[in-house]
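# Architecture at a glance
Here are the chains, one letter per residue:
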Amino acid sequence: MWGKVVHVLVITVFTVLLAFPFYWMVITSFKQNVDLYTMENNPFVFNAKPTLDHLKFLFTETRFVRWLANTTFVGIVVVAITLVLAVPAAYSLARLSGRWGERLGIAIFLTYLVPQTLLFIPLSRVVAYLGLQDSLWALILVYPSFTVPFSIWLLMGFFKSIPKELEDAAMVDGLTRFGAFAKMVIPISTSGILTVVIFTFTLVTQEFVYALTFISSESNQMIGTGIPIFLVRGDVYYWGALMAACLIASLPIAFLYNLFLDRFIAGFTVGAVK
Amino acid sequence: MAVVETRSLTKVFKEGELGAVNSVNLETREGEFLVFLGPSGSGKTTLLRMIAGLETPTSGEILIGGRVVNDLSPRDRRIAMVFQSYALYPHLSVYKNIAFPLKAQRVKKDLHKQKVEWAASLLGIGALLDRKPRELSGGERQRVALARAIVREPAVFLLDEPLSNLDAKLRASAREELERFHRRVGTTTIYVTHDQVEAMAMGDRVLVLNKGVVHQLGTPTEVYDNPADTFVATFLGSPPMNLAELSDVIVGFRPEHFRPVSSVNGEAVAFRFKVENIEYLGSEWIVSGTPASGKLGGQKVFSRLNSAQDLSLGGTYDFAVPQCELKFFDRSTEKRVEPKVVSWQ
Amino acid sequence: MAIARARIKSVGAAQSPLLGATMFTPAVLYILLLVAGPFSLAFLYAFSDARIGNTEMHYVGLENFRSILKSPSFRMAIRNSFIFTICSQIVVIVGANILAIALEKTFRGRGFIRFLILLPWVAPIALGAIGWKWILDSIYSVISWVLVALHFYKPFNAPMWLGEPHLAIASVLLVHSWRLMPFSTVILLAGRTAIPKDIPEAAAVDGAGFWRTQFQIIIPMMRPILSVAVLFGLIFTFTDMTVVYILTAGGPFDSTQTLPSLAFAMGIQGSDLAAGAAISLFLVPLLIIIAYFMLRVAHRAEVN
C-alpha cells in the first residue's frame, strides 16, 4: 500500500513539474491583458472572462502565419534532401558488413557530436559568401548537416533488422542488388522512413542557432526564432500572444514525436542495448 | 511435518475466468524430489511462484516449515529458486553471484568466503569463481545457479524448468547432475517441468496438473501404471496410452502392452491389426495402424515393440493385449474405475 | 539452385563495393563539406582577425586566445559552462532514474502521462525557455505570486529570478534540467525494460530489498544505457546557447554567460568573428573526451 502511495506521488510531482509550463501557456493564452497584468489577481483562475484576443492578434497582426509557412517549407525541402542522402547511405552501410561499414558508421555518428554552436561562426561567413544571408535557402543548405547523420543512424539500425534473405530471394528472382533495394527493401521500410521524416521535421523546427544567425528580417523567420524575438516590440513582451504561439508551435510536434518514440529511443541506444 | 504445504491454493488472474491454479492441496515429504508436471498453461509455474512468494494467491494458504507464509516476502521464506534462464547477475563474477544472497541477508563478511567455497566445491565449480556468467557454458551456469541457491541452506529448493534452455545432448548429463546433487544435499526440492520423461526419471513423486487442477499425486510407478484419469494416462508415456470409447466405459492400454499374439501369455483380448506405419527408433519400433474390425475398427492404435522384423506395411496381423493391463475409465468423468466386462465386437 | 547461387555471388560481389560506395558517397560528401569544412574554418578564423562585414582576413597568431583568456567574461563563461552541465546532469540522472522506476509498471493513463512528461524535450528549446521566462518574470512571475500568497515574501518584494546573479544561475540550471529530464527518463526506461524480469525476482528470492536490488543489481546492469544518457546529456547542455540567450542573454553582468552564448555574443552580435571562433573552440576538448567515451561504450557493447 505504501508503495502505491509513493508511486502516485512520484508520478504526480514529476508530471506537474515537467508539464506545468505548458499548462501555464494555455492559461496565459486565453487571459485578458487586464487580468494578466494585475499583480493582485490570482493567476490560477480567470478573473476576467477568457478571451481569444491574443489568438486574433497573433494571426492577424504578426508574421506568425508566415513563420509557420517558412518552417513548413524549410522542413519539407530538408526532409526531401535528407531522405535522398540518408536512405541509400544507411542501406549501404547496413549491408556493407566488415570494418569499412563499421568505421564509416562510427565516423558519421561522430559528426553528430559537432555542435551548431561551434560551426555557426564559420558557416555565417560561408553563407554570406554565397549570398544566402537572410534567406531560407541558407537553412535548407545547412540543416542536412545534422539531420543526415542522425537519420543514417536511425535507418542503419532499421535496415539491419530486415533479414538479408529477402534481398537474396529478390536477386535469385532476377533483380539487381540496387533493384532489390529499390523494389523490395524500400516498400517495406515505410515505418522506418516515416520515422526519419518525423524526426527530421522536428529537428528542423527545434533548431535555433543557425536560424538566429543566418536570418535577420522579420518575414523570413522560422518558428523557433520568430516567436521569442519578434513577438517583442521594443521592450514589451506580448505574453498572451507569445504563449499562444508557443503552444501552437509545440503541440503538433509533441503528438508526432510520441507516436514514433520507440524508434527514436532505438536510434539513440543502438549498440548500447543489445 | 511437511516442509511445503498448500491448502486450497487458488490464483485467478482475470475475474470471471477459470483460475490459473484452482484449489490445490499438497504436502511435500521430507527430503523428497517432487515434480510438478503438466502441459504449458497448466498452472505449474504459477503454483511454484506462489510458493516462492513471487505471485500472491487469490485464496488459500501456503505453509513452509509449518508456518503460514502468505504474507511473507520471498526473502523471509527460507526458499531458494533456480529460474529457467538461471538469472545469474551478468555484471558479477561467479564468486560474487554466489555470495550475493549472503550479502543480502547480512551474513558476516568473514563467513562469506567459507560458505561460497563450500557451495562451489559441492558443485565442482571452484575453478570458475573468477569468471563472469557470459564466459560459462550452459551446464556451468546451471551449477552456479545451484551453488547460489544452496549457499543459503534453504528449507526447500524451487526449480523452474532449468533444463529446458539446454540442448538435448547436454540435457541428459545436466539431469544426471541434478539427481546426484539432490542425493548429496537431501533438501526438499520442487521441480517444474512439462517433460514427462524428466518427471519420471527424477521425481520421487509426481504432481500431475492440468488447467490449474491436480489430477494425481503419486510416485512415478503409481502415475504410470495406475493413472487416476484419462489425462494422466495419456500425458505420461510416449506414444500415449491407446484409448477406446466403448458403450459405457473408456478402455485404455499402453502401446508396450499391445503386441503380436505370439508374445502374449495368459488371458488377453485379441485384435486383427492392420499395420499402416512403422518407425524404427533404434532401441525400439513404433508401429501404428488400425484394428480390422470390432468396436475399435478404424481407430488409430500404437504399439511399441523390440522387434518388428516380421511385420510389413499394409499387412494384417494378430495382436493382443493382456487382460490385466487394461485400464478402465468412466465415460463421463474420465476417472479411473474398476475393471468391467466389455464386449469388443 | 547452385547456378542461381553462383549468379548471386557474381552479381553481388561485382556490384556491391561499387554500388555501396555510390550509395553513401553523396551523404558522406555533404557531411564533409558542411561539417568538416566549417570545423577547419573555425580554427582558421580563431587565428585571424576576421570580422563581420570585412572580407579581408589576416593571420594574428595567438592574439585572440590571449585576449579572451584575460577577459573575466570568458572565465565566467567557462566556469558556468561546467557548472550548468555537471549540476544539471546530476539532477537529471537522479530524477530520471526515479521517474523511470515509476513508469516501469503499466498503469491507466500511462500513455497520456508519457506525453505530458515528454513536452519539455519535444517543444522547440527556445519556446520552452520563453515559457519559463514568463513564469520567472520579475513582476508577474506565478512563482512569486504563490510565495507572496504563502507569506514568504512581502508583495512587490519577491526575488528577481532572472535579475539577481545567483538566482539567475539557478534559473538557468532549472530550465536545463527541466528540458533534459524527459530525454534521459525515456532512455533509462528503455534500459530498464531490457533487463529480464527474472533478475529482480532472483534478487528478491536471494533476500535483497528494494534499494539493494536497485543499487547493486539493476543500476550496474544499466551501465551502458546510463553512459549513453549521461554522455548525450552532457553534450546537449554544454553546447547549448539557446536557454541562456532567451532567459538572460548572458546577464545579469555576464553572470550566466556560457561558452556558446559568449561566442554568439562576441562573434555575431559583437561582429568579432575571430573572437567568437576562438571561444567556441574551447568546446572541442570536452567533445573529444565525450566522443572517446561513447566509442568505448559502443565497443564494449560489441564485445559482449
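The rules behind the values
Counting restarts for each chain, with residues numbered from 1 along the sequence as it is written. The naming scheme follows written order: chains are lettered A onward, ligands numbered 1 onward. The predicted origin of the model limits local features to residues at a pLDDT of at least 70 and limits the giving and counting of side-chain atom pairs to 80 or more, whereas totals for whole chains, interfaces and linings rest on all residues. Starting at the N terminus, helices and strands are each numbered in turn, a helix being any DSSP run of H or I of at least four residues and a strand any DSSP run of E of at least two. A radius of gyration in this sense is built from C-alpha atoms; the matching globule rule multiplies 2.2 Å by the number of residues raised to 0.38. Residue burial is a threshold on neighbouring C-beta atoms within 10 Å of the residue's own C-beta, all placed from the backbone, with 20 or more meaning buried, 12 or fewer meaning exposed, and counts in between meaning partly exposed. Our contact criterion uses C-beta atoms placed from the backbone: two residues qualify when those atoms are within 7 Å. Angles shown run from 0 to 180 degrees and are taken between the N-to-C directions of axes, each axis being a line fitted to C-alpha atoms and, for helices, limited to the stretch in contact. Working definition: roughly parallel below 35 degrees, roughly antiparallel above 145 degrees, roughly perpendicular at 65 to 115 degrees, and oblique for all remaining angles. Left-handed describes a crossing whose near helix is turned anticlockwise from the far helix by less than a right angle; the clockwise case is right-handed. Classification used: nonpolar for Ala, Val, Leu, Ile, Met, Phe, Trp, Tyr, Cys and Pro, charged for Asp, Glu, Lys and Arg, polar for all others including Gly. Two strands are said to pair when DSSP picks up at least two bridges between them. Confidence of the prediction at every residue is given by pLDDT, a number between 0 and 100.

### Quick look at the overall build of chain C
Scanning chain C from terminus to terminus reveals 14 helices and 0 strands. Its helices and strands taken in sequence order, chain C reads α-α-α-α-α-α-α-α-α-α-α-α-α-α from the N to the C terminus. Radius of gyration (C-alpha) of chain C: 25 Å, far over the 19 Å computed for a compact globule of 304 residues. Taking all 304 residues of chain C together, 46% fall into the buried category. Sequence separation of at least 24 residues holds for 69% of the intrachain contacts in chain C that already meet a minimum separation of 6.

### Describing the overall build of chain A
Assigned secondary structure in chain A consists of 15 helices and 2 strands. Taken along the three principal axes of its C-alpha coordinates, chain A extends 75 × 65 × 35 Å. Counting only residues that meet the buried cut, chain A has 45% of its 274 residues in that class.

### What about the packing of helix H1 (residues 2–29) of chain A against helix H4 (residues 110–122) of chain C?
Two measures define how a pair of helices packs: the angle their axes make with one another and the distance between the axes. Two numbers describe how H1 of chain A lies on H4 of chain C: the axes approach to 8 Å, and their chain directions differ by 55°. Considered as vectors, H1 of chain A and H4 of chain C are oriented oblique to each other. In terms of crossing hand, the pair formed by H1 of chain A and H4 of chain C is left-handed. Across the interface between the two elements, Ile11, Phe14, Thr15, Leu18, Ala19 and Phe22 of chain A from H1 of chain A touch Ile113, Leu116, Ile117, Leu119 and Pro120 of chain C from H4 of chain C. In terms of residue class, the contact of H1 of chain A with H4 of chain C is built from 10 nonpolar, 1 polar and no charged.

### Looking at the arrangement of the chains
For this structure, the chain pair with the highest number of contacts among 2 pairs of chains in contact is chains A and C. You won't find any contact between chain A and chain B; their C-alpha atoms come no closer than 13 Å.

### Topic: the environment of Val172 of chain C
Topologically, Val172 of chain C is positioned in helix H7 (residues 165–193). By the C-beta count within 10 Å, which is 25 here, Val172 of chain C ends up buried.

### Regarding the sheet that holds strand E11 (residues 242–245) of chain B
All names here are of chain B. The strand order across the open sheet built from 4 strands is E11-E12-E18-E19, with neighbouring strands paired in antiparallel fashion. Strands at the two margins of the open sheet, each flanked by one partner only, are E11 and strand E19 (336–337). Where E11 and strand E12 (residues 249–253) come together, 4 bridges link them in antiparallel fashion. Paired with Asn242 across the strands is Phe253, a residue of E12.

### Quick word on the confidence of the model for chain C
All names here are of chain C. Confidence in the prediction of chain C, expressed as mean pLDDT, is 88, and 94% of residues score 70 or more. Confidence drops under pLDDT 50 across residues 7–15; counting only partners more than four residues distant or on other chains, this segment forms 10 contacts. Overall fold confidence for the complex sits at a pTM of 0.86, while the interface term, ipTM, reaches 0.88.

### Looking at the pairing of strand E15 (residues 285–291) of chain B
Residue and element names in this part refer to chain B. Strand direction decides the pairing type here: strand E14 (residues 268–280) and E15, joined by 7 bridges, are antiparallel. Bridged to Lys274 within E15 is Thr290. Once E14 ends, the chain turns through 4 residues before running back antiparallel as E15, passing Gly282 with a positive phi of about 95°. Relative to strand E16 (residues 301–305), E15 runs antiparallel, the two being bridged by 5 bridges.

### With respect to the sheet that holds strand E1 (residues 4–11) of chain B
All names here are of chain B. The sheet built from 4 strands is open, its strands ordered E2-E1-E4-E5 with antiparallel pairing. Taken across any chain shown, the strands that pair with only one partner, and hence form the sheet edges, are strand E2 (21–27) and strand E5 (67–68). Where E1 lies against E2, 4 bridges are found, and the strand directions are antiparallel. Note on E2: the bridge partner recorded for Thr6 is Leu26.

### Examining the environment of Ala2 of chain B
Within the fold, Ala2 of chain B resides in the segment before E1. The contact partners of Ala2 of chain B, leaving out residues within four places of it in the chain, are Glu27 and Thr28 of chain B.

### Structural notes on the interface of chain A and chain C
The partner chain C presents 81 residues to the 81 residues of chain A that form the contact. In terms of residue count, the dominant contributor to the side of chain A that touches chain C is H1 of chain A (12 residues). Looking at the side of chain A that touches chain C residue by residue, the classes come out as 59 nonpolar, 18 polar and 4 charged.

### What to know about the interface of chain B and chain C
In this complex, chain B contributes 18 residues to the contact, which on the side of chain C involves 15 residues. Residue classes in the side of chain B that touches chain C are distributed as 13 nonpolar, 3 polar and 2 charged.

### Remarks on the pairing of strand E17 (residues 316–322) of chain B
Residue and element names in this part refer to chain B. Here 2 bridges tie strand E13 (residues 259–260) to E17, and the two strands are oriented antiparallel to one another. Following the sheet pairing, Arg259 is matched in E17 by Ala320. With 7 bridges connecting them, E14 and E17 associate as antiparallel partners. Looking at the pairing, Arg272 lines up with Asp318 of E17.

### So, helix H2 (residues 94–104) of chain B
Of all 11 residues making up H2 of chain B, 9 are buried, and the element is well covered by its neighbours. Regarding H2 of chain B, the residues found buried are Val94, Tyr95, Asn97, Ile98, Ala99, Phe100, Pro101, Leu102 and Ala104 of chain B. Contact partners of the buried residues in H2 of chain B: helix H3 (109–122) and helix H4 (138–150) of chain B together with helix H8 (198–206) and helix H9 (210–221) of chain C. Phi for Arg106 of chain B, located one or two positions after H2 of chain B, is positive at around 55°.

### Quick word on unusual backbone geometry
Backbone geometry follows two general trends: most residues other than glycine have a negative phi, and most peptide bonds adopt the trans configuration. Residues and elements named next belong to chain B. In this chain, Ser238 is followed by Pro239 through a cis amide linkage whose omega measures 0°. Of note, Pro239 is situated in the loop between helix H8 (230–235) and E11. Unlike most non-glycine residues, Arg78 shows phi in positive territory, near 60°. Position of Arg78 among the secondary structure elements: in the loop between E5 and strand E6 (79–82). With a phi angle near 55°, Arg106 is a residue other than glycine that sits in the positive phi range. Residue position: Arg106 is located in the loop between H2 and H3.

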